[in-house]
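Chain and residue survey
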Amino acid sequence: EKNYYFDEPINVQNKKKNLILIYVESLDQIFTDKKKYGSNLLQPLYNLKVDANEMKNFYQIPGYSFTINSLVATQCGIPAKPIGFFKASSLKNIKNFLPNIKCLGDYTNDLNYKNLFITSDEIENFGVKYFLLNHKYLDSNIYDVKKLKKLGYETSNFAWRGNKNKDGGMHDDVLLKASYDIIKKNLNNSEPFFMSIYTLDTHSPKGYPNPKCLKSMFDDPEIEKKFTIKNSVICTVSALSQFISKISDLNEPIDIIILGDHAYPSSDESKSKIFNKFILNNKTEFNRETMNHLDFFPSLLHILGYKFKQNRLALGFNIFDEINLDFYNQYIFNLDKKLSGKSKKYLSFWE
């Protein structure tokens, strides 16, 4: 119980700016390993002509290898560990999804931001829809593969869930094109926006790359039959780097954060470092070299102009302002064991 810290933050920033979070499926630093993959597959994201910074060690807490947990942890500062459920899919029909904790969408709503959510998955999966609706995302501003298809964006049987879904799936390049169009549309409005984007083409074990990308980027007539995760990552990173460049060319006050939603599942997952990149208008320095998903919540509020005591909120610690590093290091020691324990405080967020 003593690990939770709630001191109502105060917004001290007059000028609002748009914020985009791009959760890239399984985007791991392992893909920079030249010995393993022949080259640094993430190099285009390091070649971007933008001012950017990255956390040296963004590590994964055990149990965070599924998407809904990364969403809840980064936007609420607590885990989405199921209460009486055995797998994330059991959360699908929970309509009151953590109604008693204030999350990022609630804070941006307080600031009169428009909350937008875009995914190439079906929004009902793993409880995402009801989590969003419980935290100030309007249904009209939630875009999943079904809604995007109705808007005219291309679907594919080769994409995630494409062969199981009559609507087909959606590749990352198409999803990012839709996201760009929605961004352009909302830049004309008086209210700022907060957008979350979730991609899926790099899902393990080998991904779901767009066949059009495979044909254009790889000189191999058999590539559609024998592609690997390497090819999928190359295609997604190419689409992502082009998307960031297009946003940069708009010359608008938009902060962008790219992060892997979790580590790429592998035998050395516990040692994986998740990819992250902070592309912020105001140059800021990190106060340490280590973070986990829980630390995003207060850090994102900091970017939005919030200040709070001890630079911590819920179970996360702000990566930008001063903290006691000895205290932080002691706190995160065996954090996974602390999170697995029973907690009346945690239960109160659901009741």
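As shown above, the structure is provided for reference.
Residues numbered from 1 in each chain as written. Predicted model: local features only at pLDDT ≥ 70, side-chain atom pairs only at ≥ 80, totals over all residues. Heavy atoms only, no water.

**Quick notes on the packing of helix 7 (residues 172–187) against helix 10 (residues 229–249)**
This is how it is decided: Axes here refer to lines fitted to C-alpha atoms; in helices the fit is confined to the stretch in contact. Angles between the N-to-C directions go from 0 to 180 degrees. For helices the rule is a DSSP run of H or I covering at least 4 residues; for strands it is a run of E covering at least 2, with both sets numbered from the N terminus onward. Comment on the angle field: the value is read as roughly parallel under 35 degrees, roughly antiparallel over 145, roughly perpendicular from 65 to 115, and oblique elsewhere. By convention, the crossing between two helices is left-handed when the near helix turns anticlockwise from the far helix through less than a right angle, and right-handed when the turn is clockwise. Note on contacts: a residue pair qualifies if any of its non-hydrogen atoms lie within 4.5 Å across the two residues.
Close contact between helix 7 and helix 10 brings their axes to 9 Å; oriented N to C, the two are set at 15°. Viewed along their axes, helix 7 and helix 10 adopt a mutual orientation that is roughly parallel. Where helix 7 crosses over helix 10, the two elements pack in a sense that is right-handed. Listed contacts from helix 10 to Asp172, Asp173, Leu176, Ser179, Tyr180 and Ile183 of helix 7 are Thr236, Ala239, Leu240, Phe243, Lys246 and Ile247.

**A few points about the nonpolar core**
When a protein is soluble and globular, its nonpolar side chains tend to lie buried together. Applicable threshold: Working definition of a nonpolar core: buried Ala, Val, Leu, Ile, Met, Phe, Trp, Tyr and Cys residues. They are joined through side-chain atoms within 4.5 Å. For every residue, the accessible area (1.4 Å probe, protein chains only) is compared with the maximum for its type, and the residue is labelled buried under 20%, exposed over 50%, or partly exposed between those bounds.
Counting residues in each nonpolar core, the largest one holds 66 residues, and the members touching the most others are Val72, Ile78, Leu98, Phe117, Ile257 and Phe278. Every residue in contact with Leu98, bar those within four places of it in the chain, is listed here: Val72, Ile78, His135, Tyr346, Phe349 and Trp350. In this structure, Leu45, Leu148, Leu176 and Val233 belong to the second largest nonpolar core, which totals 50 residues.

**What about the packing of aromatic side chains?**
One pair of aromatic rings is described through two measures. These are the centre distance and the angle between the planes. To keep things clear, this is the line we draw: Note on aromatic contacts: the rings of Phe and Tyr and the six-membered ring of Trp form a pair at centre separations within 6.5 Å, being stacked when their planes are under 30 degrees apart, edge-to-face when over 60 apart, and tilted otherwise. Here, over-ring charges are defined by two tests on the NZ atom of lysine or the CZ atom of arginine: distance to the ring centre within 6 Å, and angle to the ring normal within 35 degrees.
If you walk through the whole model with that rule in mind, you get 24 aromatic pairs. Between Phe278 and Phe320, the ring centres sit 6.1 Å apart and the planes meet at 85°, which makes this aromatic pair edge-to-face. Of this pair, Phe278 sits in strand 8 (residues 276–279) while Phe320 is found in the loop between strand 12 (316–317) and helix 12 (325–332), placing the two residues 42 residues apart along the sequence. Here Phe317 and Tyr328 contribute two aromatic rings whose centre-to-centre distance is 5.3 Å and whose plane-to-plane angle is 75°, an arrangement assigned as edge-to-face. One end of the pair, Phe317, is in strand 12; the other, Tyr328, is in helix 12, with eleven residues separating them in the sequence. In this structure an aromatic cluster arises from ring pairing among Tyr23, Phe117, Tyr137, Phe194 and Tyr198. It is Lys246 that lies over the ring of Tyr180; its NZ or CZ is 4.0 Å from the centre. In this structure, Arg288 is placed above the aromatic ring of Tyr328, and the distance from its NZ or CZ to the ring centre is 4.0 Å.

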